[in-house]
Amino acid sequence: MNKKEPKGTAKSKQLKNFEVDGSGQPLTTRQGLKVNDTNNSLKAGERGPTIIEDFLLREKIHNFDHERIPERIVHARGSGAHGYFELYESMEEYSKAGIFTDTSRKTPVFVRFSTVAGSKGSTDLARDVRGFAVKFYTEEGTWDLVGNNMPIFFIQDAMKFPDLIHSVKPEPNNEIPQAASAHDTFYDFVSLTTETLHNHIWVMSDRGIPRSFRMMEGFGIHTFRLINKKGEAHFVKFHWKPKLGVHSVTWDEAVKISGADSDFHRRDLWNAIESGQYPEWELGIQVVPEKDEHKFDFDLLDPTKLIPEEMVPVKLIGKMVLNRNPENFFAETEQVAFLPGNIVPGIDFTNDPLLQGRLFSYRDTQLSRLGSHNFHQIPINRPVSEVHNNQRDGHMQMEIPKGQTAYFPNTLGGGCPYLSKVSEGGFESYQERIDAHKIRTRSSSFSDHFSQPALFYRSLAEWEKSHVADAYAFELGKCNHDPIKERMLWLISKIDTDLGKTVAKKIGMKVPKSIEKPINQAIGADASIKDHQPGDKKNYLDSSSALSQANTVFDGIATRQIAFLVGDGFEMKSFDKMKKALEKDNAVVKLIAPHGGKVMCDQNMEHDVDASIMTTESVLFDAVFIPGGKKSIEALSKDSKFSKFVKEAYKHCKAIAVHNEGKEFLDKTGLADYNNDKAIIVDGGTEKFIRAIARHRNWDRMPATMEIAV
Ligand code: HDE
């Protein structure tokens with residue numbers, strides 16, 4: 001089928017008219033005046049004072065003084081990309097939205113990925129939730145699906161959001177630590193607010209330290225509604241499934257990457273798109289008929305609960321491709337304003353109390369961040385559908401609305417802009433019947449705080465479980481207050497007794513017998529607050545395979561970064577064969593040498609060095625290859641950083657291939673016996689190496705990695 005031209009992919013309409021390109025143009029002032037000196041201010045004599053008349057200086061400095069806008073209060077650090085979404089088959093049974101019924105469309109999208117806690121300049125590799133916000137520029141108006149890379153949230157009610165964020169942000173007295181949850185105030189809050197435990201254990205798992213934005217799942221989190229043409233509603237959860245699978249780095253790598261390249265995720269996304277390796281996700285939906293609302297052991301309105309895929313399968317309905325980097329970070333990625341309230345006919349909200357609060361919050365925050373309620377007129381925020389209404393004026397009005405009338409109803413303007421009937425695409429809210437008291441409380445159906453963290457933990461592979469234990473131990477190890485740590489140990493042990501004991505041992509403490517009372521005391525033991533205390537742990541499902549990264553996609557090596565360690569005199573034959581095989585499968589080969597510039601192979605050919613060993617680190621790569629060549633190996637042996645490079649790759653369970661003398665180098669690093677290691681390939685074929693890289697890591701190696709000191 002011939003798809004309609006994607007409006008957002010080539011050059012989207014909402015951006016095109018606003019582009020400014022200075023190439024081949026004279027420098028001008030903001031008024032279009034050509035400038036002949038932008039290096040010197042106007043002075044009374046060569047060494048005299050600057051003259052107030054200098055409008056050129058004033059304009060330049062004035063603009064500079066106002067270049068920054070407040071960073072986002074949360075999700076300040078982020079990276080964006082353009083792309084499109086297309087639907088596989090019509091979902092008209094569930095939704096009347098054009099984006100879910102018209103398979104001939106390519107709907108333009110802009111996506112912004114982010115960390116939550118850190119400031120704009122913080123490291124990409126913080127242990128944190130990642131934002132996964134998608135703006136769909138649909139023909140019926142803009143739909144924003146503002147989700148995360150985890151399917152649940154920390155809290156159940158919008159009222160708790162400022163408390164959650166204040167606890168995780170740097171502590172207010174000394175502004176420490178940056179982009180890190182490992183501190184007392186966060187654990188003080190988490191240990192007193194047990195609804196957080198589910199999202200928290202996800203953050204402690206490898207999901208908190210993704211290998212790449214391109215290797216993360218995305219989730220709308222809240223239960224939404226889909227509305228079909230007949231006005232019938234179904235509950236729905238949205239999922240994004242990455243084509244590359246879900247993969248993570250280890251904590252040791254995360255810490256080191258933060259030093260070696262704190263833009264690691266941003267660079268990875270940018271480079272993949274620039275090189276034409278467009279990241280793709282499939283959109284999945286879990287649909288629950290309205291009549292089944294109360295069928296589950298948890299409440300669909302509770303955002304701290306997921307619907308296990310074993311209970312309601314995920315139906316893949318379309319795919320999103322990101323194929324264009326922004327032209328300008330500030331204009332697009334920084335100024336993009338997502339609003340969960342941006343929906344289109346065919347999609348509607350539920351009464352999830354967190355979602356309800358978000359509907360208010362995002363519009364409000366954009367006002368203080370972008371400075372004017374006209375932020376929807378900023379190019380990246382403009383819908384592709386036409387906008388006509390009677391809203392007028394205010395700061396930064398960019399449009400010139402025509403005509404005599406700015407009210408409704410009118411005759412002077414011919415009754416325009418006119419209202420649309422529902423059958424013509426006019427939006428109508430779902431008419432949910434509500435008959436209730438106005439009360440400030442939480443439903444008892446929200447009080448199960450342990451069943452799903454326990455389900456998540458039970459579903460993990462052994463290596464994932466050990467990462468979780470290490471993460472808890474690291475985070476609690478950074479806390480200074482024993483009562484906070486004790487409360488956490490007690491709660492972790494309620495999720496899983498052995499996990500509690502393991503973490504306790506690692507931090508040199510004991511799991512307390514009970515601390516229920518102190519928690520109640522700390523939060524004020526009044527009846528309504530007691531309601532927030534957790535109910536009993538249930539086991540309605542032993543495990544859910546979709547929750548473990550051990551069951552993800554392992555079928556390719558596209559965009560994987562492979563370090564070739566080479567010195568002058570390296571053996572061209574094995575090098576060339578390996579390089580060609582890896583590049584054929586779209587991996588990225590980088591030559592790391594003792595020096596920059598060029599390196600010479602044993603056939604006296606010069607090859608460009610991508611990085612000297614001095615400027616790079618093992619943690620920035622997915623796998624290592626060392627070709628043979630006596631001279632080359634001698635050169636590598638002279639710099640201990642090469643040996644560290646290989647040992648680190650080993651420690652992080654990566655694939656390593658060596659050829660001829662390359663094996664001698666590997667042996668000299670003193671690694672444990674690697675004969676049975678399926679990801680260490682000695683003089684083997686390229687296929688074996690490729691398969692090992694596609695597996696992401698050889699986690700079976702983990703016990704041996706403990707002995708590696710790097
Ligand atoms: Fe957000 N959130 N949030 N949030 N959130 C913001 O809006 C807020 C919540 C999420 O790339 C802010 O534009 C409240 C859940 C993402 O630009 C702010 C509550 C989920 C992004 C805000 C929540 C998210 C934000 C900061 C509780 C996952 C980044 C700047 C009621 C479903 C979007 C801004 C981007 C951003 C408030 C809860 C995801 C302050 C009050 C749940 C991905 O308005």
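To be clear, the structure that these remarks concern was listed above.
Now for a quick tour of the structure. All figures in this text were calculated on a predicted structure; none of them were measured in a lab. (Residues numbered from 1 in each chain as written. Predicted model: local features only at pLDDT ≥ 70, side-chain atom pairs only at ≥ 80, totals over all residues. Heavy atoms only, no water.)

### Digging into the nonpolar core
As a rule of thumb, soluble globular proteins bury nonpolar side chains together.
(1) Moving on: By size, the foremost hydrophobic cluster in this structure holds 61 residues, and its most contacted members are Ile201, Tyr472, Leu499 and Val503.
(2) Moving on: Broken down by secondary-structure element, the contributors of at least two residues to this core are helix 3 (161–168), helix 4 (184–192), helix 5 (197–204), helix 10 (451–459), helix 11 (462–477), helix 12 (482–495) and helix 13 (497–506).
(3) Moving on: The element contributing the most residues to this core is helix 12, with seven residues.
(4) Moving on: Looking at which domains feed residues into this core, each of domain 1 (62–179 + 211–381) and domain 2 (449–550) supplies at least three.
(5) Moving on: In this view, Val503 contacts Ala469, Tyr472, Ala473, Leu476, Leu489 and Ile492; residues no more than four positions away in its chain are not counted.
(6) Moving on: Residues Ala81, Phe136, Phe213 and Phe224 belong to the second largest nonpolar core, which totals 37 residues. (Core = buried A, V, L, I, M, F, W, Y, C linked by side-chain atoms within 4.5 Å. Buried < 20%, exposed > 50% of the residue type's maximum accessible area, 1.4 Å probe, protein only. Helix = DSSP H or I, 4+ residues; strand = E, 2+ residues; numbered from the N terminus. Domains from an automatic or database assignment. Contact = heavy atoms within 4.5 Å.)

### Concerning the pairing of strand 7 (residues 233–242)
(1) Moving on: Counting buried residues along strand 7, 10 of its 10 residues qualify, which places the element largely inside the surrounding structure.
(2) Moving on: Side chains of strand 7 alternate between two faces, with Ala233, Phe235, Lys237, His239 and Lys241 and His234, Val236, Phe238, Trp240 and Pro242 buried alike.
(3) Moving on: As paired strands, strand 6 (residues 224–227) and strand 7 are joined by four bridges and run antiparallel to one another. Residue Arg225 lies in a different strand from strand 7, and its bridge partner there is Phe235.
(4) Moving on: Once strand 6 ends, the chain turns through five residues before running back antiparallel as strand 7, passing Gly231 with a positive phi of about 85 degrees.
(5) Moving on: Examined bridge by bridge, strand 7 and strand 8 (residues 280–289) share nine bridges and lie antiparallel to one another. Bridge pairing links Phe238 to Ile285 in strand 8. (Pairing = 2+ DSSP bridges.)

### A look at helix 6 (residues 251–260)
(1) Moving on: Among the residues of helix 6, those classed as buried are Glu253, Ala254 and Ile257. The buried residues of helix 6 occupy an angular sector of 100 degrees when projected down its axis, which confines them to one face.
(2) Moving on: Its buried side turned inward, helix 6 meets helix 7 (264–274). (Arc of directions from axis to C-beta.)

### Here we look at the sheet that holds strand 12 (residues 588–593)
(1) Moving on: Spatially, 15-12-11-16-17-18 is the arrangement adopted by the six strands of the open sheet, whose pairing is parallel. Edge strands, defined here as strands with exactly one partner in the open sheet, are strand 15 (611–612) and strand 18 (680–682).
(2) Moving on: Inspection of the sheet shows strand 11 (residues 561–565) paired to strand 16 (residues 623–626) by three bridges, in the parallel sense. When the sheet's bridge partners are listed, Ala563 is paired in strand 16 with Val624.
(3) Moving on: Of the strands in this sheet, strand 11, strand 12, strand 16, strand 17 (655–658) and strand 18 touch helix 18 (residues 640–651), which is tilted by about 145 degrees from strand 11.
(4) Moving on: This element, helix 19 (residues 661–668), spans strand 16, strand 17 and strand 18 of the sheet and lies at about 130 degrees to strand 17. (Axes fitted to C-alpha atoms, helices over the stretch in contact; angles between N-to-C directions.)

### Considerations on unusual backbone geometry
Peptide bonds are, in most cases, trans, and in most cases residues other than glycine have a negative phi.
(1) Moving on: In this structure, the amide linkage connecting Phe408 to the following residue, Pro409, adopts the cis form with an omega of 0 degrees.
(2) Moving on: Here the phi dihedral of Asp393 falls at roughly 60 degrees; this positive angle occurs in a residue that is not glycine.
(3) Moving on: Along the polypeptide, Asp393 turns up in the loop between helix 9 (353–370) and helix 10.
(4) Moving on: Phi angles above zero are rare outside glycine, and Cys653 is one such case at about 65 degrees.
(5) Moving on: Inspection of the secondary structure assignment puts Cys653 in the loop between helix 18 and strand 17.

### Details of the site of the ligand
(1) Moving on: By nearness alone, 22 residues border the ligand, and Arg72, Arg112, Arg358, Tyr362 and Gln366 come closest of all.
(2) Moving on: At 2.6 Å from an oxygen atom of the ligand is found a side-chain nitrogen or oxygen belonging to Arg112.
(3) Moving on: Those elements that provide at least two residues to the shell around the ligand are strand 3 (130–138), strand 4 (141–148) and helix 9.
(4) Moving on: With six residues, the single largest contributor to the shell around the ligand is helix 9.
(5) Moving on: For the shell around the ligand, a count of residues per class yields 10 nonpolar, nine polar and three charged. (Near = heavy atom within 4 Å. Polar contact = N/O pair within 3.5 Å; in protein donor to acceptor, adjacent residues only side chain to side chain. Nonpolar A, V, L, I, M, F, W, Y, C, P; charged D, E, K, R; others polar.)

### Here we look at the coordination of the iron atom of the ligand
Coordination angles at a metal have ideal targets, namely 109.5 degrees for four tetrahedral donors and 90 or 180 degrees for six octahedral donors.
(1) Moving on: For the iron atom of the ligand, the protein supplies a single donor, Tyr362 (OH), at a distance of 1.7 Å.
(2) Moving on: Of note, Tyr362 is situated in helix 9. (Donors = N, O, S within 2.8 Å, 3.2 Å for Na, K, Ca; no water.)

No statement about biological role is implied by the geometric values presented.
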